[in-house]
Structure formats: C-alpha cells, structure tokens
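# Results of the structural survey
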Amino acid sequence: MELNSKSPSGPIETRWERHRFNLKLVNPSNKRKYTIIVVGSGLAGGSAAASLAELGYNVHCFCFQDSPRRAHSIAAQGGINAAKNYHNDGDSIYRLFYDTVKGGDFRARESNVYRLAGISLNIIDQCVAQGVPFAREYSGYLDNRSFGGAQVSRTFYARGQTGQQLLLGAYQALERQIGLGAVKMFPRTEMLDLIVVDGRARGIVTRDLITGKIESHFADAVVLGTGGYGNAYYLSTNAKGCNATAIWRAHKRGALFANPCFTQIHPTCIPVSGEYQSKLTLMSESLRNDGRVWVPAKKGDKRAPSQIPEGERDYFLERKYPSFGNLVPRDVASRNAKAACDEGRGVGETGLAVYLDFRDAIQRLGASVIKERYGNLFDMYNRITGEDPYSQPMRIYPAMHYTMGGLWVDYNLMSNVPGLYVIGEANFTDHGANRLGASALMQGLADGYFVLPNTIGDYLASNKFEKVDASHAAAREAEANVNQITQRLLGAKGKRSVDSYHRELGKIMWEHCGMARNAEGLKQALALIPPLREQYWSDVRVLGTGEDLNQSLEKAGRVADFFELAELICRDALDRNESCGGHFREEYQTPEGEAARDDEHYAYAAAWEFQGVGQPPLLHKEPLTFEYVHPSQRSYK
C-alpha cells in the first residue's frame, strides 16, 4: 500500500493557500444534495458539524453523551495557542511552527504543522466573535500566558476553564444549525462499526444507548472526531466514557492506525490515592507558570514542606534546564519527576509525587492575583485532596493524558479509506511524538472550523455516489458484526467484572509501556495481553440485556477494543528502536538521560494495517522530510 500524504510542495508559507485554491469546489446550491456524518461533538466534531452545516451540507452528528456540551473537550483547562504576538516578545507563525515540530521531537509532518500555526490566528478571531470570554489585560487586550516548550507567551485562556468556554462557543454554533434543520443531532448514540461500500466509507452502525436499537446510517462521507485512546491505560486524565471504539472499528475496516505508541504522560496530575481509584485528575500545565517544582535534596526526607529550608530543596527542572525551567515540555518534565521519585526523593505517603509550590508567587504577586489566575484549579485540588494549595504545595505526579497517535490521514485529513475523514485527537498528524501544552484545542478547532470544510468538498465534487440503504450487503454485514459482538459479550456469563479486566490491562500497560519502556518489558506485555484478552471473552460478566440502557454492555465493548489496541501500542513501541518525545525506550538515551532519536532509521510515521485479531499487523511507512526545521538533539537547557 502506497501512502500518499498529498502534502503540497513549494514555499511552506504558501502551501495551504495554493493547495486550497487547487481543490475542487461544490456549488452552493449543490451542497444541500450531500449528507455528511460527523461522529463526536467535542471541539473538533462540534466545530466541524457546525461549519459544514453553515456551508449548506446536510449533517448528521452523533455523540454518546446526552448533550454535545458533555464532550471531554470541556475538561481542558489551561489554554489554546495562537501566534498573535500580542506581548511583542518575538512570537510568529514560524516560531509556533518551529516549537511544535521541535516539541514533537521531529516526528510530525512539516506541512500540516505550518498550516496549523497559520490557522491559529483565525481561531482566536473566530472564538472572540462567538463570545468566548478569554482573559483580558487591564487595557482590554486579550491576555496571554506561557506554556511548556516555548519561550514566548502565546496561550490564550479563560482562567482554568478554557476548554469549557471554547466548547460552549462551538456548541452554540452547532445548536444554531440544529435549530435551522441543517444538523440532525443523535445524542446517546454510539458508533459501533463503519460501513464501507466499494472501498468507500458510506455510513456507520450505531447503538441507541437508551433503547439498545442497532441501526445503520448512511452518508456521502464520514468524519470521525472521537478523541484519543488514553483510557486503554485505565487510569488516565480522560473522562471514563472516553474510548477508542469508533477509530478502532474503522481500523478493522481498513483504516491505517499511525504511531499508536506515541502516548503522552502529563506531569501535573493529582497522584494516585488508592488501589481502586477509577480515574486521575489533571492539574493544568498553566500552573507551572507560577508554581515551582521541587523535591527534598536528601533521600527519604519526610518532613513537612514548610519545615524543609530553601537550601535543602532541589528545584530540579530549574537546575537542569535553566533556559526553560519549569516550562519544559511535558515529556521532559514527566521523566524528571519520575527520576526524582525513583531516587527516593518523592514526597507524600507513597513517595510517588513531587511538590508544585506557589509560595514564592503568592509572596511576589499576592494571593488575590493567584486566585484570579488559577482559583478554580486551586478549589478543585482542595476538594479532591483536602489540602489548601495557598498555604502548602500541591503534590503532583505524571499520569496518562493525551495520545498523539491515531488514524493515519493525508494533508486533506482523509484516511486511506476514501470518504473517511479523521479530525482532532483521533488522527495522528500534528504533534509528532509529544504534544506541547495548549495545542490540542488549537488542532481540534483548526481541523473543524478551517481545514475540513475546505478539503471535504474536493472529495465530494470528484466522485459520484450511488444511493445506499439498510438493504445493502455491506450494511447488513456490519450490523451482523455488531450484533455478534453484543451477543458474545452478553453470553459469556463469566465471573469477573469488566472493570476488573480493564484495571488489569491498565496495570500491564502502565508498567511496561508507560513513561519508560524497554524491549524486555514490551515483550512481556505482548505475552500477557493475548491470553488475558481470550480470558476476557470467556469469563467477563456483563449484566442485563442488549435491548435497553446497559452501561455494563457499553463498557464491555469498549474494553474489548482496548485489549486489541493495547497489543498494537506495545508492538509499535517494540518496533521503534529509538527514544523520541513520549516514547522513551530506556536502551536509547543520551548520557544526560535525554531521548536519543535515530533519524536514519525511524524518521517516518508508522501506519499499521489490521490483519486480524491475534495476527501480526502489517507496517507501512510514511517517510518524514524536514526542509525547514532540521532535526537536532532537543535541548531545553
């Protein structure tokens, strides 16, 4: 299979404009003849559905929540990047492009990243016009703050609720189109399979989560904006409902899965507190603007933080990375926090935590300023831990967060399955091996508001579409597949709960394919996962039936997919004999303990083709070329 990224050539500054001009257009009066399915209603899916409907297309939008407002995008806290250079501190589109390629450890497609950096300017204007209440300076100008991996202030924010406010902006645009009849909304509806007709994506099979009804829906193109797969690790910062079923079922229908081992550990999460904890809570990266990360200088020092004098504290990020300090990228901060704890200098009862201390910032700026910037985050930390971060340091530890891998797409955001588009975190394109903070919201809105509405028209204008309905053989086969999975899960009648299996899988993944990986551990994981997966299918106990609301059944299908995806993640990690970004192979590191890439052998996107459950997948490679940001050893010192 030949992977054609369709990346334009020529000067990178004009690639998107020239490419967009060469795309075929759909006449405004003809757009109403086309139907587009959008799966997901977060920032990527919601903005795409609203924008496509605004253009005149008929849009069917699906989400498994009771409302688009419940999408996990609402949980994003810290901000959204844009190269506006409001602070006049040297920012530019090119600098944002450079920082993103470097931050991703040179494992992203240059053309996509430059387009993202350029579109970032339009996103802010769009959101302000929608009424998103970004923070403002005294003068009335929009305020910016710093985030990891950059030496400029380019992050726009709304206190610690940026994702919520941006989602409400997209939601109101979506609701406008629902009111006009241009978007038909399907809440509480989960995609369980992709319908492929003559090699093209023409629809999806869904389950109504209230009634249990299995139904097929048809369109001229399908768009997946369903988020990432971090919950494969069980404990993560993702909402419990986040899952990989939509993209995984599409993968099993032929869509290539790219770079699955590129998973991100977030350095500032509230530490695990007990064996049966079900999820983790993120504390925004924005806190590292004013909070200082430290541990006791001596091993085993269990004194209260207030009793440890300044000279006996190790501000290890500031010490090791003087240029960036506490605002190094997430992968660097996470590995260093783990190293400090592995040395026996971790804090708290478990020793698996470091301090994030606001003492100096409060003394310098006053508690009122800190409260204005981070008040809701401080309140959230206090409610969860019972500790007051105004008077004592927060305790943080790295946790599974974002996934840079996803379905492979070309420059137009279309997968290798014609008619199947993938946007936001569900695709692999923009972040390489590590995502810089405040870039997830940027990508989701760039894809939904500005890229997809331009590129999807070229596909629709270039093809003719026969009418397809539920009587088509492809639809009947997909529905039968969904029913077979449902009946197999309900018929197992085993002894163990879905959650117990998911938790065991998560432990395997975190232990052997988490912050640090090595060949021995990955081989062990690949030996443990298949038999556990087989045991799951025979011994899981799913209560209830398939004909009504059944959250146990919902989870069971999602965890079944996580078992298969987890095996691919480990296989991809074992195949990539280098360290880059969030993929840190212990065998491949510099003398200083930093990630050591192998550009000669691994400067490619790994795109895996499904060959059957339990069968080795087939690897395809998209070579990555760097004309503008030449690969070098990342340094934040």
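Residues numbered from 1 in each chain as written. Predicted model: local features only at pLDDT ≥ 70, side-chain atom pairs only at ≥ 80, totals over all residues. Heavy atoms only, no water.

## Remarks on helix α15 (residues 551–575)
Helix length check: α15 (25 residues) gives 36 Å between terminal C-alpha atoms against 36 Å at 1.5 Å per residue, within 8%. For α15, the tally of buried residues reaches 19 of 25 residues, placing the bulk of the element in the interior. If you check the start of α15, you find a side-chain oxygen 3.2 Å away from the backbone N of Ser 552, and it comes from Asn 550. (Helix = DSSP H or I, 4+ residues; strand = E, 2+ residues; numbered from the N terminus. Expected span 1.5 Å × (residues − 1). Buried < 20%, exposed > 50% of the residue type's maximum accessible area, 1.4 Å probe, protein only. Polar contact = N/O pair within 3.5 Å; in protein donor to acceptor, adjacent residues only side chain to side chain.)

## Some thoughts on the environment of Val 205
You can see Val 205 is positioned in strand β7 (residues 200–208). Owing to a relative accessible area of 0%, Val 205 belongs among the buried residues under this scheme. Spatially, the C-alpha atoms of Val 205 and Met 191 are 5.8 Å apart, while their sequence positions differ by 14 residues. Filtering out sequence-adjacent residues up to four positions away, Val 205 remains in contact with Glu 190, Met 191, Leu 192, Asp 193, Ile 195, Ile 214, Glu 215, Ser 216, Ala 478, Glu 479 and Val 482. (Contact = heavy atoms within 4.5 Å.)

## Re helix α11 (residues 440–462)
End to end, α11 covers 31 Å across 23 residues, agreeing with the expected 33 Å (1.5 Å per residue, within 8%). Roughly 55 degrees is the biggest bend found in α11, and it falls at Val 451, with proline Pro 453 one to four residues downstream. Within α11, 18 of the 23 residues are buried, which leaves it mostly tucked inside the rest of the structure. (Bend = angle between axes of the 7 residues up to and from the residue.)

## Considerations on the packing of aromatic side chains
What characterises a pair of aromatic rings is the spacing of the ring centres plus the angle enclosed by the ring planes. If you walk through the whole model with that rule in mind, you get 25 aromatic pairs. Each ring, one from Tyr 421 and one from Tyr 459, has its centre 6.2 Å from the other, and the planes form 70 degrees; the classification is edge-to-face. Linking Tyr 421 in strand β17 (residues 420–422) with Tyr 459 in helix α11, this pair joins segments that are 38 residues apart in sequence. What makes Tyr 421 buried here is its relative accessible area of 1%. (Phe/Tyr/Trp six-rings, centres within 6.5 Å; stacked < 30°, edge-to-face > 60°.)

## Structural notes on the nonpolar core
For soluble globular proteins, nonpolar side chains are generally found buried alongside one another. Ile 80, Leu 224, Leu 420 and Tyr 536 are the most contacted members of the largest nonpolar core, which has 173 residues in total. A total of 12 residues in this core trace back to one element, the largest contributor, which is α15. Setting aside anything within four residues of it in sequence, one finds Ile 80 in contact with Ile 123, Ile 124, Phe 134, Arg 154, Thr 155, Phe 156, Thr 162, Leu 166, Ala 438, Leu 441, Met 442 and Leu 445. By size, the runner-up hydrophobic cluster in this structure holds 11 residues, among which are Ile 195, Val 197, Val 205 and Ala 475. (Core = buried A, V, L, I, M, F, W, Y, C linked by side-chain atoms within 4.5 Å.)

## Points about unusual backbone geometry
If you check the backbone angles, Lys 6 has positive phi at about 55 degrees while not being a glycine. The topology assignment puts Lys 6 in the segment before α1 (15–22). Of note, the phi angle at Asn 85 is positive, near 55 degrees, even though the residue is not glycine. Here Asn 85 shows up in the loop between β3 (80–81) and α3 (93–103).

## Examining the environment of Arg 634
Checked against the element boundaries, Arg 634 lands in the segment after β19 (618–623). Residue contacts for Arg 634: discarding those within four places in its chain leaves Lys 102, Gly 103, Asp 105, Phe 106, Pro 329, Asp 331, Val 332, Arg 335, Asn 434, Gly 581 and Arg 597. A polar contact of 3.1 Å, which involves the side chain of Arg 634, links it to the backbone oxygen of Gly 103. Looking at Arg 634, its side chain comes within polar contact range of the side chain of Asp 331, at 2.4 Å.

## Focus: the domain arrangement of the chain
A common way to report how large an interface is uses the accessible area buried once the components associate. Each assigned domain of the chain is listed with its residue range as follows: domain 1 (12–262 + 404–462), domain 2 (266–400) and domain 3 (492–612). Just the C-alpha atoms count here: the centres of domain 1 and domain 3 sit 25 Å apart. Contact residues are listed per partner, giving 36 residues for domain 1 and 48 residues for domain 3. Joining domain 1 to domain 3, the criterion identifies six salt bridges. For the pair domain 1 and domain 3, the interface holds 22 residue pairs in polar contact (both at pLDDT 80 or more). Broken down by secondary-structure element, the contributors of at least two residues to the side of domain 1 that touches domain 3 are α6 (245–252) and β10 (257–258). Take the side of domain 1 that touches domain 3: its biggest share by element is five residues, from α6. Partitioned by chemical class, the residues of the side of domain 1 that touches domain 3 number 21 nonpolar, nine polar and six charged. (Domains from an automatic or database assignment. Salt bridge = Lys/Arg side-chain N within 4 Å of Asp/Glu carboxyl O. Nonpolar A, V, L, I, M, F, W, Y, C, P; charged D, E, K, R; others polar.)

## So, the side chain of Arg 145
Its location among the elements puts Arg 145 in the loop between α4 (110–130) and β4 (155–156). As a buried residue without a salt bridge, Arg 145 has its nearest oppositely charged side chain in Asp 290, at a separation of 7.1 Å. In terms of polar contacts, Arg 145 uses its side chain to reach the backbone carbonyl oxygen of Gly 78, at 2.9 Å. A distance of 2.8 Å separates the side chain of Arg 145 from the backbone oxygen of Arg 159, its partner in a polar contact. (Lys, Arg positive; Asp, Glu negative; His and termini not counted.)

## So, the sheet that holds strand β2 (residues 58–62)
Adjacent strands of a sheet pair through backbone hydrogen bonds, lying either parallel or antiparallel. Strands sit in the order β5-β2-β1-β9-β17 across an open sheet of five strands; the sheet is parallel. Every interior strand has two partners, whereas the edge strands, β5 (183–186) and β17, have only one. Shown here is a sheet whose adjacent strand axes are inclined to one another by a mean of 20 degrees, direction ignored. As judged from the three bridges shared by strand β9 (residues 221–224) and β17, these two strands associate in the parallel manner. (Pairing = 2+ DSSP bridges. Axes fitted to C-alpha atoms, helices over the stretch in contact; angles between N-to-C directions.)

## Considering the pairing of β2
Bridge analysis of strand β1 (residues 35–39) against β2 gives five bridges, and the strand direction is parallel. Bridge pairing in β2 links Val 39 to Phe 62. Note that β2 and β5 share four bridges and pair parallel. Across the sheet, the residue bridging to Phe 62 is Phe 186, located in β5.

## Examining the pattern of salt bridges
The tally for this structure, following the rule as stated, stands at 48 salt bridges. A salt bridge links Arg 634 to Asp 105; the shortest N-O distance between them is 3.5 Å. Placement of the pair is Arg 634 in the segment after β19 and Asp 105 in the loop between α3 and α4, with a sequence separation of 529 residues. Residue Arg 634 shares its accessibility class with Asp 105, and that shared class is buried. A salt bridge links Asp 342 to Lys 338, with the shortest nitrogen-to-oxygen separation between them at 2.8 Å. Here the residue Asp 342 and the residue Lys 338 both occupy positions in helix α8 (residues 330–342), the gap between them amounting to four residues, near one helical turn. We classify Asp 342 as exposed; its relative accessible area is 51%. Taken together, the shared-partner salt bridges in this structure form one network comprising Asp 105, Arg 107, Asp 331, Arg 335, Arg 576, Glu 578, Arg 597, Asp 599 and Arg 634.

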